[in-house]
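Okay, here's what each chain looks like letter by letter:
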Amino acid sequence: SSVLKPIKQIDTILKALNENNLNKEELLDLASLMERNGKLSSRIGFDIISNMHSIISRSLFLLGTGELKPEKENIESIRACLIVIVAVVRGKEVDITNYLNRAESFGNKIQSIKVKENI
């Protein structure tokens, strides 16, 4: 439940970003929460979920610091990570291959972004 709890809040933030309504403090708080949930998922052995949390955490951090722009493509890629998390945690029998590929590709993209300050 702790893994799924912030999903709705992040989705709401993503909708606000679509409307160029950026709350940097909230983004950074959520980035920290997702980082903690990613570490929790990793300890339990859920590598896919942990990886999705790491991607979301880093992207929210980058959005909060202005290193990543809240463009539609980026927002939809973060949403793909959320879809993968929900589908895996709930054990949904749906094909999430496209979402997973998009999320992993986005993860590679944001890893290459240089940050002015350490996470």
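Residues numbered from 1 in each chain as written. Predicted model: local features only at pLDDT ≥ 70, side-chain atom pairs only at ≥ 80, totals over all residues. Heavy atoms only, no water.

Here we come to the pattern of salt bridges. Per the counting criterion, the structure on display carries five salt bridges. The partner of R79 in a salt bridge is D11, and the shortest N-O contact between them spans 2.9 Å. Pair noted here: R79 is in helix α4 (residues 72–89) and D11 is in helix α1 (residues 5–18), with a separation of 68 residues, a long-range link. On the basis of relative accessible area, D11 is assigned to the partly exposed category, the value being 22%. (Salt bridge = Lys/Arg side-chain N within 4 Å of Asp/Glu carboxyl O. Helix = DSSP H or I, 4+ residues; strand = E, 2+ residues; numbered from the N terminus. Buried < 20%, exposed > 50% of the residue type's maximum accessible area, 1.4 Å probe, protein only.)

Right, let's talk about the packing of helix α3 (residues 47–65) against helix α5 (residues 97–111) for a bit. Two elements in contact, α3 and α5, have axes separated by 10 Å at closest approach and are oriented at 50 degrees. Relative to α5, the element α3 is oriented oblique. Of the two possible hands of crossing, α3 and α5 adopt the one that is left-handed. When α3 is examined against α5, the residues I48, N51, M52, I55, R58, S59 and L62 are found in contact with a partner set consisting of L100, A103, E104, F106, G107, I110 and Q111. (Axes fitted to C-alpha atoms, helices over the stretch in contact; angles between N-to-C directions. Parallel < 35°, antiparallel > 145°, perpendicular 65-115°, else oblique. Left-handed = near helix turned anticlockwise from the far one by under 90°. Contact = heavy atoms within 4.5 Å.)

Once that is clear, we can look at the side chain of S59. Among the structural elements, S59 can be located in helix α3. Leaving out residues up to four positions away in the same chain, S59 has contacts with L68, I78, F106 and I110.

Attention now moves to the environment of L17. One can find L17 in helix α1. Distance from L17 to C81, taken between C-alpha atoms, is 16 Å for residues 64 residues apart in sequence. Among residues more than four places away in sequence, those in contact with L17 are L22, L27, L63, P70 and I75.

In this structure, I10, M52, I56, L60 and I85 are the most contacted members of the largest nonpolar core, which totals 33 residues. Elements with a contribution of two residues or more to this core: α1, α2 (24–44), α3, α4 and α5. Excluding residues within four positions of it along the chain, I10 makes contact with L30, M34, I56, L60 and L82. (Core = buried A, V, L, I, M, F, W, Y, C linked by side-chain atoms within 4.5 Å.)

The next point concerns the environment of C81. Residue placement: C81 occurs in helix α4. C81 sits in the buried class, given a relative accessible area of 0%. Separated by 44 residues in the primary sequence, C81 and N37 have C-alpha atoms spaced 14 Å apart. Leave out the neighbours within four places in its chain, and C81 touches M52, I55, I56 and A103.

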